[in-house]
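# Report on the structure
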Amino acid sequence: MCTRLHHTRVPISDGTIHVVESGPVSADPIVFLHGWPEDWSAWTQIMELAGDKYRCIALDLPGVGGSRLVAPRGDKFYLAGLIHELITALDLQNVTLVGHDAGGMVTFAYLKQFLTLRSAIIMDTVIPGIPPWESALTNPYIWHFAFHSIPALPEKLVQNNVRSYFDYFYDAISANPEAIPEPARNRYAASYTDPGALTQGFEFYRAFRTDADDNNRSTDEISTPTLYLRGSSEGGNLADYATGFRNAGLTNLNTGTIESAGHFAPEEAPEQVWKAITSHLAQL
């Protein structure tokens, strides 16, 4: 079990990144990227399960929580570049990058730009421009993609009701809302209370058109071993996601389902998620 979490802030070109580490520095590193509307602490249970077997590095995405950006900006190629700066600054080798939701989009953008990862795991997300992206855009249950993309309006409507607004998503798209308890919900809301952080969260969505263009810029083969995981209650056809990834250039892809989990699988079923991660790493 993890007995210690070490917090630091690492300078990058456009700000600083809040980093939380556990495990021995000499162990193989796993870098965890959270989704919206969460922060680094979404990975706490996974880090506990990892114990001393890996160097676990969870971070607040740039502009969120304890991380800072000079100005809100959500395009994933840009954010992946900042994560690359962080990995370089920490002198990490043989990195496995794990991204959930928006963090999964950043992970895909990292794969498209940098060929330095040992492996990658993408969870519970659809990638802009990569099928079944168009189906997601026309799905009425994913209404917030369009709403969050509107300039300025989401901030005006949400800024005094951050916790209540976030609660809607935890309750609506998880199979087990109780898996995201009150203390976690309060932490997440606090990480977006600052106006710049709230805007940064919506900028993840406002960048989708740019992301789609960037993701489709080439279909060069990417041989990095990659695992795509999806909660069983998420909806959608896992095979459609796999086809989209392979057509986008991922030649070494495996997929898996996290049973009895919805969108927030790392918190709803941490033991299953960790088992999937370690099974993936064992095959490398």
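Look above for the structure.
Residues numbered from 1 in each chain as written. Predicted model: local features only at pLDDT ≥ 70, side-chain atom pairs only at ≥ 80, totals over all residues. Heavy atoms only, no water.

### Focus: the pairing of strand S2 (residues 15-22)
- With six of eight residues buried, S2 is to be regarded as a mostly interior element.
- When strand S1 (residues 6-12) meets S2, the two strands line up antiparallel, connected through seven bridges. Following the sheet pairing, isoleucine 12 is matched in S2 by glycine 15.
- Hairpin remark: S1 followed by S2, antiparallel, with two residues in the connecting loop.
- Note that S2 and strand S5 (residues 68-69) share two bridges and pair antiparallel. Of the residues in S5, the one forming a bridge with glycine 15 is leucine 69.
- Summarising the sheet, S2 and strand S4 (residues 55-59) pair through four bridges and their orientation is antiparallel. Within S4, the residue paired with serine 22 across the bridge is cysteine 56. (Buried < 20%, exposed > 50% of the residue type's maximum accessible area, 1.4 Å probe, protein only. Helix = DSSP H or I, 4+ residues; strand = E, 2+ residues; numbered from the N terminus. Pairing = 2+ DSSP bridges.)

### A short note on the environment of histidine 7
- Within the secondary structure, histidine 7 is located in strand S1.
- Given the relative accessible area of 42%, histidine 7 is considered partly exposed.
- Here the alpha-carbon distance between histidine 7 and glutamate 21, two residues 14 residues apart in the chain, equals 6.6 Å.
- Excluding anything up to four places from it in sequence, histidine 7 contacts His18, Val19, Val20 and Trp40.
- Polar side-chain contacts of histidine 7 include one of 2.9 Å to the side chain of histidine 18. (Contact = heavy atoms within 4.5 Å. Polar contact = N/O pair within 3.5 Å; in protein donor to acceptor, adjacent residues only side chain to side chain.)

### Some details on unusual backbone geometry
- The peptide bond linking tryptophan 36 to proline 37 adopts the cis configuration, its omega dihedral lying at 0°.
- By secondary structure assignment, the location of proline 37 is in the loop between strand S3 (29-33) and helix H1 (44-50).
- Despite not being glycine, aspartate 91 has its phi angle at roughly 55°, a positive value.
- Positive phi is not limited to glycine here, since serine 260 has a value of about 60°.

### Things to note about the pattern of salt bridges
- What the rule picks out here adds up to 11 salt bridges.
- The salt bridge partner of arginine 206 is glutamate 155, with a shortest N-O separation of 2.7 Å. Of the two residues, arginine 206 is situated in helix H9 (residues 195-206) and glutamate 155 in helix H6 (residues 153-158); the sequence distance between them amounts to 51 residues.
- The class of glutamate 155 is buried, set by a relative accessible area of 11%.
- Measuring nitrogen to oxygen at the nearest pair gives 2.8 Å for the salt bridge that ties arginine 163 to glutamate 182. On the criterion of sequence distance, the pair formed by arginine 163 in helix H7 (residues 162-172) and glutamate 182 in helix H8 (residues 182-191) is long-range, its members being 19 residues apart.
- Since its relative accessible area comes to 45%, glutamate 182 is described here as partly exposed.
- Through salt bridges that share partners, Arg163, Asp167, Asp171, Glu182 and Arg185 make up one connected network. (Salt bridge = Lys/Arg side-chain N within 4 Å of Asp/Glu carboxyl O.)

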